[in-house]
Each structure stands twice: as C-alpha cells, then as structure tokens.
Amino acid sequence: MTGWIEIGALDDIPRLGSRVVRTPHGNIAVFRTESDEVFALDDRCPHKGGPLSQGIVHNKRVTCPLHNFVIELASGQAVAPDEGCTHTHPAKVENGVVWLSVRQAVPVS
Amino acid sequence: MLDKVTKQKLVVIGNGMAGIRTVEALLERAPDLYDITVFGSEPYGNYNRILLSPVLAGEKTVDDIMLNTVDWYEDNNITLRKGETITMIDRRTCEVVTEAGARVPYDRLLIATGSNPIMLPLPGKDLPGVIGFRDIYDVDRMIKASTDYRNAVVIGGGLLGLEAANGLMKRGMSVTVVHLLDTLMERQLDPVAGGLLRKSLEERGMVFKMPAQTQAILGEDRVTGVRFADGTELPADLVVMAVGIRPNFELAKKAGLYCERGIVVSDTMQTYDGRIYAVGECVQHRRQTYGLVAPLFDQAKVCANHLAMKGFATYDGSVTSTKLKVTGIDLFSAGDFAPGPDKEEIVLQDANRGVYKRIILKDKKIVGAVLYGDTIDGPWYFQHLRDGTDVSHMRERLVFGAANLGEGGVSGQSSVAAMSDETEICGCNGVCKGAIVKAITDKKLFTLDDVRAHTKASSSCGSCTGLVEQVLAFTLGGDYSAAPKVKPLCKCTDHSHDDVRRVIVEQNLKTIPAVMRFMEWKTLNGCHSCRPALNYYLLATWPGEYVDDQQSRFINERVHANIQKDGTYSVVPRMWGGVTTPSELRAIADVAEKFNIPTVKVTGGQRIDLLGVKKEDLPAVWADLNDAGMVSGHAYAKGLRTVKTCVGSEWCRFGTQDSTGLGIKIEKFMWGSWTPAKVKLGVSGCPRNCAEATCKDVGVVCVDSGYEIHFAGAAGLHIKGTEFLTKVETEDECLEVIVALTQLYREEGWYLERMYKWCDRVGLEQIRKRVVDNVENRKALFARFAYSQQFAQSDPWSERARSGVDRNEFAPLAELEIA
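Residues numbered from 1 in each chain as written. Chains lettered and ligands numbered in written order. Predicted model: local features only at pLDDT ≥ 70, side-chain atom pairs only at ≥ 80, totals over all residues. Heavy atoms only, no water.

How we decide: UniProt positions are given in the numbering used here, feature names are shortened, and annotations may be inferred rather than shown by experiment.
As annotated in an unreviewed UniProt entry, chain B carries the name Nitrite reductase and comes from Bradyrhizobium macuxiense. Note on chain B: under the UniProt heading Sequence similarities (unreviewed entry), the record states "Belongs to the nitrite and sulfite reductase 4Fe-4S domain family." Quoted straight from UniProt, the Pathway (unreviewed entry) entry for chain B says "Nitrogen metabolism; nitrate reduction (assimilation)."

For chain A, the name recorded in an unreviewed UniProt entry is Nitrite reductase, with Bradyrhizobium macuxiense as its organism.

Some words on the pairing of strand β16 (residues 223-228) of chain B
Residues and elements named next belong to chain B. The cut-off we apply is this: Here, any two strands with at least 2 DSSP bridges between them count as paired. Helix numbers and strand numbers start at the N terminus; a helix is a DSSP run of H or I with at least 4 residues, a strand a run of E with at least 2.
Where strand β15 (residues 214-219) lies against β16, five bridges are found, and the strand directions are antiparallel. Across the sheet, G219 pairs through a bridge with V223, a residue of β16. With antiparallel pairing between neighbouring strands as the criterion, β15 and β16 make up a hairpin whose turn holds three residues. In this structure, the hairpin formed by β16 and strand β17 (residues 233-235) is closed by a connection of four residues, where G231 is found at a positive phi of approximately 95°.

Focus: the packing of aromatic side chains
Residues and elements named next belong to chain B. Put simply, the rule is: Two rings from Phe, Tyr or Trp (for Trp, the six-membered ring) form a pair when their centres are within 6.5 Å of each other. A pair whose planes differ by under 30 degrees is stacked, one over 60 is edge-to-face, and the rest are tilted. Burial classification: accessible surface area is computed with a 1.4 Å probe over protein chains only, and a residue below 20% of its type maximum counts as buried, one above 50% as exposed, and the rest as partly exposed. The rule for a charge over a ring is simple: NZ of Lys or CZ of Arg within 6 Å of the ring centre, and within 35 degrees of the ring normal.
Tallied over the full model, the rule gives 13 aromatic pairs over all chains. A ring pair is formed by Y745 and W758, whose centres lie 5.4 Å apart and whose planes are at 50°; its orientation type is tilted. Of this pair, Y745 sits in helix α20 (residues 731-748) while W758 sits in helix α21 (residues 755-762), placing them 13 residues apart in sequence. Owing to a relative accessible area of 0%, W758 belongs among the buried residues under this scheme. Connected via pairs of aromatic rings, a cluster forms that spans Y536, Y537 and Y751. In this structure, R574 packs its charged tip against the face of W576, placed 5.6 Å from the ring centre. Above the plane of the ring of W576 lies K668, whose end atom (NZ or CZ) is 4.7 Å from the centre.

Some words on the sheet that holds strand β13 (residues 174-178) of chain B
All names here are of chain B. Filter applied, for reference: Two residues qualify as a contact provided that any one of their heavy atoms is within 4.5 Å of a heavy atom in the partner residue. What counts as an axis is a line fitted to C-alpha atoms, over the stretch in contact for a helix, and the angles between N-to-C directions run from 0 to 180 degrees.
One open sheet holds the five strands; their spatial order is β11-β18-β12-β13-β14, and the pairing between them is parallel. Each having just a single partner strand, β11 (130-131) and β14 (207-209) make up the two edges of the open sheet. Here strand β12 (residues 151-155) runs beside β13; their pairing, made up of five bridges, is parallel. Paired with N151 across the bridge in β13 is S174. Across the sheet, helix α5 (residues 159-170) touches β12, β13, β14 and β18 (238-241), and the angle it forms with β13 is around 170°.

Brief notes about the packing of α20 of chain B against helix α23 (residues 775-792) of chain B
Residues and elements named next belong to chain B. Heads up, the rule is: An angle counts as roughly parallel when it lies under 35 degrees, as roughly antiparallel when it exceeds 145, as roughly perpendicular when it falls between 65 and 115, and as oblique in every other case.
Look at α20 against α23: their axes get within 8 Å of each other, and the N-to-C directions meet at 75°. With respect to each other, α20 and α23 are oriented roughly perpendicular. The segment α20 lies against α23, with L735, E736, V737, V739, A740, T742, Q743, L744, R746 and E747 engaging R778, K779, L781, F782, R784, F785 and S788.

Section: the sheet that holds strand β37 (residues 706-711) of chain B
Residues and elements named next belong to chain B. Read from one edge to the other, the open sheet built from five strands follows the order β34-β35-β36-β37-β40, with strand pairing classed as mixed. Single-partner strands in this sheet number two, and they are β34 (640-645) and β40 (723-728). Averaged over all pairs of adjacent strands, the angle between their axes in this sheet comes to 15°, without regard to strand direction. As paired strands, strand β36 (residues 698-703) and β37 are joined by six bridges and run antiparallel to one another. Within the sheet, the bridge partner assigned to G699 lies in β37 and is H710. Against the sheet, helix α19 (residues 659-670) engages β34, β35 (679-684), β36 and β37, with an angle of about 170° to β34.

Structural notes on the environment of A278 of chain B
Residue and element names in this part refer to chain B. By the element assignment, A278 lies in strand β21 (residues 276-278). Residue A278 is classed as buried on the basis of its relative accessible area, which comes to 0%. On a C-alpha basis, the gap between A278 and I13 in space is 9.3 Å, while along the polypeptide they are 265 residues apart. Aside from chain neighbours lying at most four places away, what touches A278 is L110, I111, I263, V265, M269, T271 and V283.

Given below as structure tokens:
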C-alpha cells in the first residue's frame, strides 16, 4: 500500500537545500525550494550514482556534486542535453509538516 | 505574465543568421514578451550561409547546413512568412508592407536584410550564365551549370571568389580566376602568403589571370566569354561575380532611416528610429561594416538584450578573423597586418614545409597574424589579439605557437588537424575528436559552450579548451563564434566577474539575492556556478558583515570534507608546515581504527588523508581529532591549503634559514582564509628547493642573505614555474609581502581563477607595483587581510563537533523500513 508518511518539519530542511530519508532501498533526498515546495527523489544521480542530496539547489533543480549533472526536481529528468532520469516520490507540505509517500514503507519504530 | 492580447509585436525583416540569432537570444531572455513575425524572401528556413562553399564543393548538402527548420518556428510560436518580401516600412503607422500589399503592424522592428553581391556594371552583366554567389539559389544554378558546361570564369580573387572557384573546379569545370590586383585575398593576406596560396591553387589546376580588369561580358543569348582591358578574351559558359558584398539597406533608406554604407546603428543596435533595430551585414556600426559571422552573433546578443528590455549591453565592435574554407589549404588571417613605422614583425618562412607565419606586434601586443600551411595556432593568436595580452615575455618563442609555450595542456598535443577521429581530446570525460566533430555538424553547434553542453568536452578541468576551440574552428571554418572577450560569469547573467565585483562594492550589495536583483539575473536562484562565486565575492568584500550562505557552497566547503565518488568523505587534519608528533599520529591511527576508515594516505602537501569516512561519522571523527589538538586542514577549500616546507637550517647541513619555522608561521597567520581558488605555499631552506616552492601559488626560497619570494606557479593542469616577485631580508617582511599579495588576489581574482591565471591576466608588473613598490599599499592590504582573519580563523570542525553547528546536515531527516 502507498500511504503518506510524516517525515519531519519543513523547517528541518534548509531553504534551497535537502535532507535524506533512509530506507532499506537506499536514501531518498527531500529537497526544499526557495518558495517552500518540497520534492523527493532517489538520492542517486542517473549519471554515476552521485548523492543528489549533497548538490546545490537552484530554482526547481539540483546540480549533482560529482559531475554537475543538473536534475529537474519535479520530474527527476536530467536537463538537456544530458540524458537520464532519477525516480521521484510523491511529497507534500501541510502546516509545516513534510509528508512522503513511498511504496510499502513505514517509519522505523 | 502578459497574455496574448497585450503582447507587443516584433517584426523581423530577414530570415538569415543575424535576424534569427537575435530572435533566439531574445527567447532565452524574455520568451513571452513578444508576438514575433519573421519575413524572409528565400523559400527556406534559416541556414548557415558560411557553409555554402562546402555545399558548392559537394562536401555538404543543403540539409546539412539548415540551422532552423520550419518546425522550430512553430515550436516557438513564431510566425514565419517565407517567400514574402517586404517592400516598404511605414514608420508613421508602424507597419511593414509586403510585395502583395499586406500590412503588418509592429511595436518593435528588427531589420536584418543582410547584403547583396556586388554586380559590376559591365556590358553583358544581365546575360544568362552570369551570377553572384550569395544564397542557395546561386549555388543551385552553379551546380546545374557545372553539369551542362565546361568553362567558368570567377571575377574576384577574394575569399568568396576562391571558394566559388574551388567548388566549381571540384564539380569538374575548368576555372579561371580573374583578379584586379596582383595579390589574392589582399584584404586578408600579405603578398608572400598570397603567392603561396596562388601556387598551391595552381597546383590543383586553378588558372589565374591577374592583375586584370574585366571590360565586358560577351555573348548574345547566353554568356560565351569575357573581354579584358588589355584586349584579350577568355571563353566562358559561366561567370561568377564575387567581387564583394554590399549591405542591403534600400528598404531602410526608403523609409527615411539614416544610412551611409549601411544602416547606421548605435552601440545598442538601434537605428535613428528608436523603435527600429538592425543587425548583421546590413548595418554600419562605428563606421565599420561586417561580412563575417562572429560579429553578427555579438550584435545579436546586444540587440536581444535591449529588445528584452534589459537595457545594459553595448556592442563595441568586433575584431574578426578569416579562414579560407578550401579543403586541404590552411590559411588564417586576423587583425591588421599592413606594415607601419610603429609595428614590428616576426616572420617564419619554411618553403619546403609550405609554412609561412607572420605575427605583427605593436606596443608589445599582437595586432595581426597571417598563417599559411600551419594554422593550428590561429585561434590562440586571435585570442591574444582580442584580449590585448602583453606578449613580451613569450616573444622569443611566440612564432612557434601555443604548444611550444606549454599552453597546450598536459598532453602537450595541439595538432588538431593531424589527429585521427579516435584521438582523445578531453581526458576527463573521454571525448574524442570524432565525437566532437559529429556533435558540431549534427547538432549545428557554434560555440564552446554549445560543445561543452552536448559533449561534455572541456567541461571539467578545462585544460583541453584550446583544443576544443581548434576543433570548432577546423570544423566550421574560421567563422566559428569564438568565446567572447569579456566572459559572462555564467549563463545566468551577461555580466562579467569584474562587473559583479565592482557593483557589489559600488552599490553596497550584501546578499546574494540583492546582487541577483540589482544585476537582473536571468534565473531565479542562479546556478551551481554563480552562487558559490557570489558567496565568495560577498564574503571577501564584507568580512564580518556578510553571513556565509551554506546553501551556496559546494558540498565540500559546506561539510568541511572532500566528497568521494561513492558519496563518502575524506578528512585531512592540518599539520602545520608538514610537522607532526607521535601523539598526533597515534590519534590519527586510533580514529582510523575506531571508525573503520578504509584508506589512510599521505598527501602531496605533507599531511595525512583519511579516506572513506561516512558522512554521519564526520562530527565524531572531528571530535577525536580535535581532542588531540588537530584542526581542519581545509583540504576541501578554495582557500589556504598547505604550506609545504623542508627541514631547513634546524637540521639540514645546507639550510640557510629556518624554513620549517617560517612555513609554520605563515600557515598559522593565513589558515582559514577564503580565496578565489585554492592556494598552496612552499618554503625551501636553500636554493636546492626540496619543498618545490617554485611551482606553488606562492613560494619562498631561503638564501643566506634573506628570502626570495616567488609566486604564480602551478603543477597541475598546467606546469608553470613561479615568477620572481621580490627579495626581503627578514621573516616579518616576508610574511607581510606574502599576505599582501594574497589579499590583492582575494580582492581581484575571479572565482576559480588560480593565482597564476590572475597574474597572467593582470600582469606581473602591476602586481609588483602594488605589493612590493608601494609600501603604504602593501601595509593596507596586509591590514585588510588581518582584519578579515578575525572572522575566518575559527575551526569549522570543532564548531560542528562540539557546538552543534549545522547539526541537521549530518543526520538523516527520518528512517523508513519496509512493512
């Protein structure tokens, strides 16, 4: 089942920054834009697997710290002319709380 | 957002390279500002006119040279009215009128009508078989004539004429080139190079009649021959007039716009009517007209800036270069090469190799270059010409080119022409020559930035940039769009590094958003290139005031460790002057075992690197190292890295001074400072130079009578020995000079520009004057550095390990498990 999971306060993610959520399938990077939108992507660049959570966030994009691939936060697509795509996960903010939807996952008790 | 109804109307007259390049640049800057309509007389989309010669020669097809297909206009909501000619501009009602009488209103008008071939007013000039060489239609007629007829006469021994003659010859015609003067391409070549060119074309079968003045074109129903002033005649079935081009400004002139040899425009590409802009070959700017592609691209950018209502760019004219696009003949010319009393020449002539090079200097700068047979260094000379580089320090070897001056990169290779397609150009990203050439031709790329984006070549360390530019030049001919002289900081702005630094001070700007707002950044939050640059500029300009923006730091500087390919980090504690103690080594060993750190390695900077540390372990690793008295080595920083030393007079039997002690003193004073790019120092105790001080950013070589200070060396992408700055007698003076030098670099360097590049750009003498000769200025620089250090010298590791700074950075936000 896919359900919404509360993962933390919006204020715990820096503006134009990111935090990671650990899962048994690898990290998910949760990004916060300047206008407080959040996006969640697998923390792996489609190029060489770099941790996108460590990149510089600009507008609704992040630059991978390893080789400067630029990834669209909303779609996970690499910005042309680069090619590749990173898996995205639904994420939302409600009353300052960030929610994430990841298949079959539940919070660690 | 403007809706369709209120959008302004932009009408473009001319569907050529200048007009469409301007539209493209406008769309980048303000995609929704205008409803755009483009009129073009030719029944095609926009094509690359400079590649008509290869089409004529059968080396390319018309499809190969199309730049914008009809789909492109549709995709960008541009109305393309091809095959429609504008016959009148009604400035009173702000409308253009087509041949068929349709009236189209405009708010802004862009004239890009290009040029026409000059047709000499000779008897018989209107006979069938007499044509110019300007567009696809002309090329089609020439190709057709080459299958039906045998003898061609090309009038005009300039660039265009020779390319036409070469094309026709390749298509099997026997071709005679008629030229008024006794030197071919006299506007680009001197008599020697012109002679070499003639010889080599003659060897291919081209016939020349020069000097010769054409008097009449003969024939009744069709051209049959040409008669000259000396009475001689030549048979001809095809006559190509290629004596030059004339800016096409009839339309503008008829509309009452001020024209001389072209439509006169200001530095903002505006005509005398402020609503009407003009770009390309039809304009006259500062008394100059241009017939090449590179200037027109520069103009397009400026014009787009104003059409987008940004209103700050100005066009200052262009210096142009030419390369003959005749396969197998290497010819390059740039700048002004007419002899003059204040000019000097360096000439290399090797008749056997068929090589001729002539470099013209004035006031220690290159003002012109003519290369024949070996044009590999053409773009390199051209770059120096445009930058106005003082070349006196490399004068002895200048004529041998970039490779001989060690500017060809690590590989030292620079002969692009001789390379096979499999030769690797970009070692970082594994891009070979063939891939770059393919991208340039398939994707129709013009600039270095285009090539970087599409192939990744030259996008990492940049040492192959020169080679990539050469591949561009070779693939496109000399008309490729060279990187602009004043480079914008990044794609988010048109402003240069210098502009940004100046405006930050002048306007008292103290945050990144304030800079972006004031300087009209094109993107919302900038990008990974400009944000770290702005952060540094603000930090260096406003010490103690500016709050460092962590989100604008590259990850290494944000977490004070170096990210590795697997996402782990490496940790390098500081070892002052490369000196350590048993207890420090013990602590490092304990940390490595406690945290299962997989690799422990000695670095080139006399320190120890702990590799493979997990991010969440970093604060605990640092805490243990702090306990043993160690602090961050800033091995990740655009800042002071190491001060490498030899043992000096304390132990060494040759040591003249206490190099170790001096190194430690310098490091203790300067650690923690941020600089435009990394700074590595070295102090050697005697001229044997065991600390390799003379390939560092700053190096000290101790001698018996004092301290020699060197700087601007490099031993990475480029290998470069240092420049001698000055010699001082005491350690204190030595520290003062080094600190002042570094402060000047901090205040003037461009972000990521190493000290040796800065020195190249600014000039050694300029730097010496301000750091050595002007004592007062030196002391002021020193004081500014010292002031900023009180805010910089706080160990970032202990702040994070003990004071909880950035706690969130190192811990996950949440943990999930699978149900």
